[in-house]
Structures are given as C-alpha cells and as structure tokens.
Amino acid sequence: MEIIDLRSDTVTQPTPAMRQAMASAPVGDDVYGEDPTINRLEKLAAAKMGKEAGLFVASGTMGNLTAILTHCGRGDEVIMGNLGHTFLFEAGGVAALGGVHPYTLPNLPDGTLELEGIAGAIRGEDIHAPVSRLLVLENTHNRCGGTPISAAYTQAAGDLAHLRGLSLHLDGARIFNAAGAYQVPASELAKPADSVTFCLSKGLCAPVGSVLCGSGDFIRRARRIRKQLGGGMRQAGILAAAGIIALEEMSDRLPEDHARARALAEGLCKIQGLELTMGMPATNMVFLSLDEGVTLTAAQIADRLAEKKIKVGVVGAKRFRLVTHYWIDDAAVEQTIKAFSAAL
Ligand SMILES: *Cc1c(COP(=O)(O)O)cnc(C)c1O
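It should be emphasised that the depicted structure is a prediction, and the values quoted were computed from it without experimental measurement.

**Student:** Describe in detail helix H13 (residues 298-307), supporting the description with residues and values.
**Tutor:** Residues of H13 that are buried: Ala-298, Ile-301, Ala-302 and Leu-305. In a view along the axis of H13, the buried residues occupy a sector of 105 degrees, so they form one face of it. H13 presents Asp-303 and Glu-307 as exposed residues on the side facing more than 90 degrees away from its buried surface. On its buried face, H13 is in contact with strand E10 (285-290), strand E11 (310-311), strand E12 (313-316), strand E13 (319-323) and helix H14 (330-343). With its phi angle positive at about 65 degrees, Lys-309 sits one or two positions after the end of H13.

**Student:** Would you mind going over the packing of aromatic side chains in detail, with residue names and values included?
**Tutor:** Tallied over the full model, the rule gives three aromatic pairs. Here the aromatic rings of Phe-320 and Phe-340 are separated by 5.4 Å at their centres, their planes lie at 90 degrees, and the arrangement is edge-to-face. Note that Phe-320 is positioned in strand E13 and Phe-340 in helix H14, a separation of 20 residues in sequence. The pair formed by Phe-320 and Phe-340 is uniform in burial state, with each residue classed as buried.

**Student:** With reference to specific residues and values, describe the sheet that holds strand E2 (residues 53-57).
**Tutor:** Whenever strands of a sheet pair, they do so through backbone hydrogen bonds, lying parallel or antiparallel. If you walk across this open sheet you meet the seven strands as E2-E8-E7-E6-E5-E3-E4, and the pairing is mixed. The two strands at the open ends of the sheet, each matched to only one other strand, are E2 and strand E4 (101-105). Strand-to-strand twist of the sheet, defined as the mean angle between neighbouring strand axes without regard to direction, takes the value 20 degrees. As paired strands, E2 and strand E8 (residues 210-214) are joined by five bridges and run antiparallel to one another. Across the sheet, the residue bridging to Val-57 is Ser-210, located in E8. Across the sheet, helix H10 (residues 216-228) touches E2, strand E7 (195-199) and E8, and the angle it forms with E2 is around 20 degrees.

**Student:** Explain the pairing of E10 residue by residue, including any values.
**Tutor:** Summarising burial for E10: six of the six residues are buried, a large majority. On E10, burial covers both faces: Met-285, Phe-287 and Ser-289 on one face and Val-286, Leu-288 and Leu-290 on the other are all buried. Of the strand pairs in this sheet, E10 and E13 are connected by five bridges, and their pairing is antiparallel. By the bridge assignment for E13, Leu-288 is matched with Phe-320.

**Student:** Can you tell me about unusual backbone geometry, naming the residues and giving the values?
**Tutor:** A cis geometry characterises the amide bond from Asn-139 onward to Thr-140, with omega recorded as -5 degrees. Along the chain, Thr-140 falls in the loop between strand E5 (131-138) and helix H7 (151-163). Unlike most non-glycine residues, Gln-183 shows phi in positive territory, near 55 degrees. A positive phi angle, near 65 degrees, is found at Lys-309, a position not held by glycine.

**Student:** Break down the packing of helix H8 (residues 175-182) against helix H12 (residues 254-269) for me, citing the residues and quoting the values.
**Tutor:** Packing of H8 against H12 leaves a shortest axis separation of 9 Å and a crossing angle of 75 degrees. Viewed along their axes, H8 and H12 adopt a mutual orientation that is roughly perpendicular. Where H8 abuts H12, its residues Phe-176, Asn-177, Gly-180 and Ala-181 lie against Leu-254, Pro-255 and His-258. Looking at the contact of H8 with H12, its residues break down into four nonpolar, three polar and no charged.

**Student:** Describe in detail the site of the ligand, supporting the description with residues and values.
**Tutor:** For the ligand, the full set of nearby residues is Ser-59, Gly-60, Thr-61, Asn-64, His-85, Glu-90, Glu-138, Asn-142, Asp-171, Ala-173, Arg-174 and Lys-202. Between the ligand and Thr-61, the relevant distance is 2.6 Å, taken from an oxygen atom to a side-chain nitrogen or oxygen of the residue. Within the side chain of His-85, an N or O atom sits 3.4 Å from a nitrogen atom of the ligand. A class-by-class count of the residues in the shell around the ligand yields one nonpolar, six polar and five charged.

**Student:** How would you explain the nonpolar core if you had to name every residue and give the values?
**Tutor:** Of all hydrophobic cores here, the largest spans 52 residues; its most connected members are Met-49, Phe-56, Ile-118, Ile-175, Phe-176, Phe-198 and Leu-200. Broken down by element, the residue count for this core peaks at nine residues, all from helix H11 (residues 237-250). When residues no more than four places from it in sequence are discounted, the contact partners of Met-49 are Ile-175, Phe-176, Ala-186, Ser-187, Ala-190, Val-196, Phe-198 and Cys-213. Counting residues in hydrophobic clusters, the runner-up holds 29 residues, among them Leu-264, Leu-268, Leu-296 and Ala-343.

**Student:** I'd like to hear about the environment of Leu-239, residue by residue, with values.
**Tutor:** Tracing the backbone through its elements, the reader meets Leu-239 in helix H11. Considered as a pair, Leu-239 and Arg-19 are 220 residues apart in the sequence and their alpha carbons are 9.7 Å apart. Ignoring anything within four residues of it in the chain, the contact list for Leu-239 reads Met-22, Phe-56 and Val-208.

**Student:** Hey, could you go over the pattern of salt bridges for me, with residue numbers and the actual values?
**Tutor:** Inspection of the entire model under this criterion finds 13 salt bridges. A salt bridge links Glu-2 to Lys-309; the shortest N-O distance between them is 2.6 Å. Here Lys-309 lies in the loop between H13 and E11 and Glu-2 lies in the segment before strand E1 (4-5), a separation of 307 residues in the sequence. With relative accessibility at 63%, the residue Glu-2 sits in the exposed group. Looking at Lys-309, the relative accessible area reads 39%, which means it is partly exposed. In this structure, Arg-7 and Asp-5 form a salt bridge, with 2.6 Å as the shortest nitrogen-oxygen distance. Exposure remark for Arg-7: the relative accessible area of 37% places this residue in the partly exposed category. Residues joined in a network through salt bridges with shared partners are Arg-253, Glu-256 and Asp-257.

Calculation criteria
- Residues numbered from 1 in each chain as written.
- Predicted model: local features only at pLDDT ≥ 70, side-chain atom pairs only at ≥ 80, totals over all residues.
- Heavy atoms only, no water.
- Buried < 20%, exposed > 50% of the residue type's maximum accessible area, 1.4 Å probe, protein only.
- Helix = DSSP H or I, 4+ residues; strand = E, 2+ residues; numbered from the N terminus.
- Arc of directions from axis to C-beta.
- Contact = heavy atoms within 4.5 Å.
- Phe/Tyr/Trp six-rings, centres within 6.5 Å; stacked < 30°, edge-to-face > 60°.
- Pairing = 2+ DSSP bridges.
- Axes fitted to C-alpha atoms, helices over the stretch in contact; angles between N-to-C directions.
- Parallel < 35°, antiparallel > 145°, perpendicular 65-115°, else oblique.
- Nonpolar A, V, L, I, M, F, W, Y, C, P; charged D, E, K, R; others polar.
- Near = heavy atom within 4 Å.
- Polar contact = N/O pair within 3.5 Å; in protein donor to acceptor, adjacent residues only side chain to side chain.
- Core = buried A, V, L, I, M, F, W, Y, C linked by side-chain atoms within 4.5 Å.
- Salt bridge = Lys/Arg side-chain N within 4 Å of Asp/Glu carboxyl O.

Geometry only, nothing functional implied.
Structure (structure tokens):
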C-alpha cells in the first residue's frame, strides 16, 4: 500500500493468494446448503473455535445480532459492557430488531466486567423485571485498548452465567489477536462460550465476512435468524474462499502486528506532547493522546499526517487510535513516528 493506513485493521486489502482462491472457488447456492466453499469455511471455523458448527455471515455486526437474537426473545435481557462494540457500535440492533433489552455494566480498564457486577445484574423471579438470558463478552476488547481477555476470566464469567441459567456469547471479532497475545489456541478462549463470532475481514485480511460458531442445534436456529435478517447469501463461496485463506495463512501471524504496535508505541511515546492513553499495547492497537501543552487538535495533526499519506484514527478532540495490520511494515512504523514528530 502506498498509503500508510493505520485507522483500522478493517482497511486491509485481500492478499494475492486470496484473490486467486476467490477466482477459482467452487460455488453453489448456500441457502440450499450447496456451496462447497462456504461449507468448508464453516467447518474449518468451527474446528478453530472448538465448536460443532459455524455460520458464515456478512459482518461481525450481523454475527453478533444473529447470535443475540438466537439466544434471546423479545423482552429478554442481555448483559454487556458499556464500552462494548455490541452496545456502542451496532446501531442498537438487538433492541431495534429483536426487542432485546440491554443491561450495561461498566467495563474495567482491561475490558472485563466485574464478576460481582454480573451476579448483581442477573434478575430474580420478579414479574416487574425482564428475563436475564445472556451475557456478552468481547475479546480482544476494542475500546479498552485492544486488550486480550484471558481464558481463566472467560471461564469464571461463563461459569457464573451458566450457574444462573444464562448463556455466554463471545464477541471475538479479534479473538485470534487475543490467542496470539496469550499464545493459546483460540478454541481455549472460546471454550466457555455457548457462541462466538470472529471477523475474517480485519487483521486476517479477507475482504468480507465473519463466522458465528456454536453447537449444531444453536447454528441450525441461527441459520433461520440469519435468513430473517436478509443474510441468506447464494454463491458467496467466492467470499468464503478468501476466508479459508484468512484462517489457514493469516491467523497465526498476528503477533507480528503486535510487535509493530509496540515498536510504534515506543517511538511515539518518546515524542514531546504525546502520551500512550492505555499504556503499551498488548495486541495491535495504540491509543495516544496529546498533552495539555499541545494547542493543536488531534484532527489538525491528522490532517498534517494525511499530507504525508499517513492516515490515523481520531477518536477524540485530543485522542488517536492507530491499528497495525498485515500491510503495515517496519518502514511504515518508522515513517509514522517521524511524521508525528514533524507534525508536532
Ligand atoms: C469490528 C468489530 C465488530 C464487527 O464489526 P463489523 O464492521 O460489523 O464487521 C464486532 N465487535 C468488535 C469488537 C469489533 O471490533
């Protein structure tokens, strides 16, 4: 890429291997269950997550929505973090389309929810209250700095949910980043969850798609919900082909992005006027803020960087988010540090 685009890992372009696989993928009508490439992707994804079955969906948002609508009926309650993607960035879909009532708990700085808070949020047998049905966790936690959530925490939260009759859905949009950070298989992190979604289209570089995984029965029911949401696709094996490459070739290389995020953070925090808002990155996201003394806004600095073909995320008047990915190499990291230094 000529442009250094650090706004997100969603900007990743498909790799040459993906384009080739897409061009030659055998396809069929997936609503009839006849697309061999989608069937292969769904099997592979389920195996990676340690679940019985998978469902290819158009986006992470559709995966989470499909999951929550499969777990919950109208008037049921879902417990989620107040900084969670499902609460902040999915257009209120669970309420708007499912009549599902979100109960938010404050996310701790590491992206988790206090177990006591979860226990306290679960409703009793009272006709005044909605029925607590589902707990949603996010791994890695995007707004909390791309923090990976441990298998031990997920297990403890899952045990608590299950003991009280709730299910656990894991928004694992970047679960392979978490797996890379902990050096454990993704299935270990997903084990306590009844359902899990992950994105093929972020650090894994596929152009489109996410996969929702869970038990065979859960995925059968989710397939109907996906159809209801308009997500029954036909010869979408063309897209799934890139997803297979994403899983086979890209899911284990993410620690390289994490190393570059650390290098970027180390360089940037030495520049007068810049501070790491969330400390050293554990995965691929660097959150930065401008010191009191800097009169320029983050948007003004972003404009200066854009003149040098560097794009960064502006997430507040004085705040940036920079995300490393496959198309950001060591030279891009160096150039970005230099450009920030000059812009300030
Ligand atoms: C990106 C993301 C999603 C899904 O986003 P889409 O753009 O709909 O694919 C879900 N959860 C988290 C934490 C994300 O970062």
